[in-house]
Amino acid sequence: MVAKKGDLQAHHFAHHFARDGASCTSAGETALHKLAKQVLDERLEIALPELLISHRDDTEVVVRATRLVFDEAILETKDGSIVPDVVLILRDRRLIVEFKVTHPCDDVKIARIQTMNVGAIEIDLSAYRDQALDELADDILYNAPRIWLHNPHEPAARNRLQERARQRVEDRQKYIDEHRRNYWHRLPAREGGSGECEAILRQDGLDALINLPVNGSGCFTVPLAEWQGAIVLDLLQSKSQPFRTRTAVAALVRRSWIDPRFCSVSEDIAKALKDAGLPFASPAESVESYLRQLERLGFVHSAPSEIWKTSGLLRQRIHEAKELRARPSKRLAEMRGIVSELLLGLPDEETRGFSFETWIQAELSDRGQSVADSIHGSEPEWTALCHQLSNIGTQIRFSPRANLELFGLPCEGKLERALKRKRLEAEDREREKREKEKAGAEARVVRLEKLAAANLGEGYEIWLSTGDAALDGQTPLEAARSETGLRDAIHALGRKADQLRIEEQARERKHKAVRELEALARSRYVAPERADLWMRGSRPELGGQSPADFTIDDATRDKCAIYLPGKKSRY
């Protein structure tokens with residue numbers, strides 16, 4: 001190195017030129033060390049690095065990054081048990097400066113510096129070993145990496161950190177104890193409350209959506225059912241904007257329904273309260289837990305980005321609730337229509353004293369309650385009542401009876417007129433029935449007479465007028481006046497016709513056999529008179545009958561022929 005003290009440039013060191021005119025291009029460790037110490041000695045100014053110490057989330061600034069100008073520099077002089085590269089003096093304070101070129105300051109030296117309790121920094125020049133020395137002054141003083149090896153103020157800073165940490169632990173415990181004292185857990189109410197939101201949902205039959213147990217219920221200033229009801233109502237009304245958990249929490253804050261002492265409880269404090277055995281959760285966690293319960297019940301669906309949407313089941317329940325709210329007026333109008341239809345067309349004097357409003361309040365006989373009571377009853381009961389009342393008109397018209405239940409409606413006159421009409425109609429029907437029966441009887445008699453004449457011939461009138469045991473002693477004409485009697489008479493006629501036919505056939509067989517026997521007798525007697533006498537004469541062989549009487553068919557004819565002479569005889 002060659003010292004340069006010119007008139008134009010600041011005094012500095014330059015590389016020595018070789019005899020061939022080339023300068024050295026790289027400084028060795030000794031040259032860089034020496035240059036660093038000489039630059040610091042000349043300039044007496046240096047950049048100090050920032051020194052921060054941390055404990056968990058707390059940080060203490062021991063030294064802020066800055067530049068300092070010192071009064072003097074002491075180079076390579078033994079200080080205590082060490083020989084520092086440079087010791088900078090500023091009034092009564094010292095700063096040890098070590099330069100790292102190839103090796104950092106060892107642990108032994110650092111320990112001795114700490115024992116001396118003198119501030120010390122180390123400047124890392126290892127990255128500058130191959131650079132031209134005349135370019136390194138500012139890097140040495142300001143830009144090269146540097147660290148604190150020791151700072152006398154560091155122990156005090158650490159003590160401050162520890163004190164603040166101890167204070168935070170103490171404050172945290174006080175905060176936890178305060179929250180434990182202030183937290184009163186709310187259980188689901190056994191009976192309905194008086195809150196507006198709760199009342200709306202209960203009126204709509206949505207009791208299953210509210211009064212659900214959740215941890216953290218003590219963070220709210222109103223009962224479970226009330227703030228849960230508010231969340232459901234806000235969800236139902238959120239049409240244009242997505243409904244998120246934080247949306248529900250913000251709405252409860254606006255209503256002042258979240259205890260201010262629990263509005264911003266940290267996760268750490270919440271965990272400590274839970275670990276202490278409290279059923280605690282932050283307001284946001286409580287709301288989230290409640291919405292998750294609704295999801296498990298099928299009333300809401302969760303979507304990405306903490307968005308909640310109503311389910312088809314909840315929309316159906318809401319529709320049913322609207323129907324339920326509208327039901328009383330709808331049923332009242334339905335009943336008014338039924339009654340108006342029943343009274344339509346009645347004379348004014350029969351309806352003048354009737355009041356629909358008074359009538360619906362009166363207890364109906366056999367039901368134990370009024371129409372006004374039934375309006376709030378079940379659907380099957382209401383349907384049965386409407387059917388019963390609507391059916392009064394049908395019963396009066398088609399099946400009136402004296403003891404018909406009119407349920408206090410002014411339909412007595414209408415019923416009386418219907419009963420009179422029913423009696424007249426019954427009399428007319430009875431008269432028509434008798435006339436019809438008479439005409440039918442006469443027609444049946446005529447029919448039987450024609451059948452008898454056709455089947456019996458002469459003498460049919462005698463048969464028609466003669467009693468018959470098969471007809472219970474009635475004559476056929478008497479029996480024919482009824483349908484069953486006609487059938488029986490026709491059967492009797494058939495039997496009579498069959499009998500006459502059989503008798504006729506028997507007479508024809510007898511007539512034929514007698515003629516044949518008479519011809520045979522005349523062929524056996526010379527005198528015809530003798531043959532006629534034989535035919536009429538009584539014969540003991542024939543049971544005392546004559547051959548003419550005994551012969552009824554071919555067999556009897558042949559039997560009689562046996563008793564004729566074997567050849568033609570005069571006697």
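Residues numbered from 1 in each chain as written. Predicted model: local features only at pLDDT ≥ 70, side-chain atom pairs only at ≥ 80, totals over all residues. Heavy atoms only, no water.

## Quick look at the pattern of salt bridges
So, point 1. Enumeration according to the criterion identifies 39 salt bridges in this entry.
So, point 2. Arg 507 is the salt-bridge partner of Glu 504, the closest N and O atoms lying 2.4 Å from each other. Note that Glu 504 and Arg 507 are positioned in helix α18 (residues 483-524) at a spacing of three residues, about one turn of the helix.
So, point 3. On the accessibility criterion, Glu 504 (33% relative accessible area) is partly exposed. (Salt bridge = Lys/Arg side-chain N within 4 Å of Asp/Glu carboxyl O. Helix = DSSP H or I, 4+ residues; strand = E, 2+ residues; numbered from the N terminus. Buried < 20%, exposed > 50% of the residue type's maximum accessible area, 1.4 Å probe, protein only.)

## Considering the sheet that holds strand β14 (residues 307-310)
The pairing of strands in a sheet happens through backbone hydrogen bonds and is either parallel or antiparallel.
So, point 1. The strand order β12-β14-β13 describes an open sheet built from three strands, whose pairing is antiparallel. Two strands close off the open sheet at either side, each with one partner strand: β12 (243-244) and β13 (300-303).
So, point 2. Two elements, β12 and β14, share two bridges in a ladder whose sense is antiparallel. Note that in β14 the partner of Phe 243 across the bridge is Trp 308.
So, point 3. Helix-sheet contacts for helix α9 (residues 283-296) involve β13 and β14, and the interaxial angle to β13 is about 120°. (Pairing = 2+ DSSP bridges. Contact = heavy atoms within 4.5 Å. Axes fitted to C-alpha atoms, helices over the stretch in contact; angles between N-to-C directions.)

## Remarks on the nonpolar core
So, point 1. Among the nonpolar cores identified, the biggest contains 42 residues, and Trp 227, Ile 231, Leu 252, Val 287, Tyr 290 and Leu 294 are the most heavily contacted of them.
So, point 2. Breaking this core down by element, the ones donating at least two residues are α5 (196-203), α6 (224-237), α7 (245-254), α8 (267-275), α9 and α10 (312-343).
So, point 3. When residues in this core are grouped by element, the largest group, eight residues, is from α6.
So, point 4. Setting aside chain neighbours within four positions, we find Leu 252 in contact with Phe 220, Trp 227, Ala 230, Ile 231, Trp 257, Ile 258 and Val 287. (Core = buried A, V, L, I, M, F, W, Y, C linked by side-chain atoms within 4.5 Å.)

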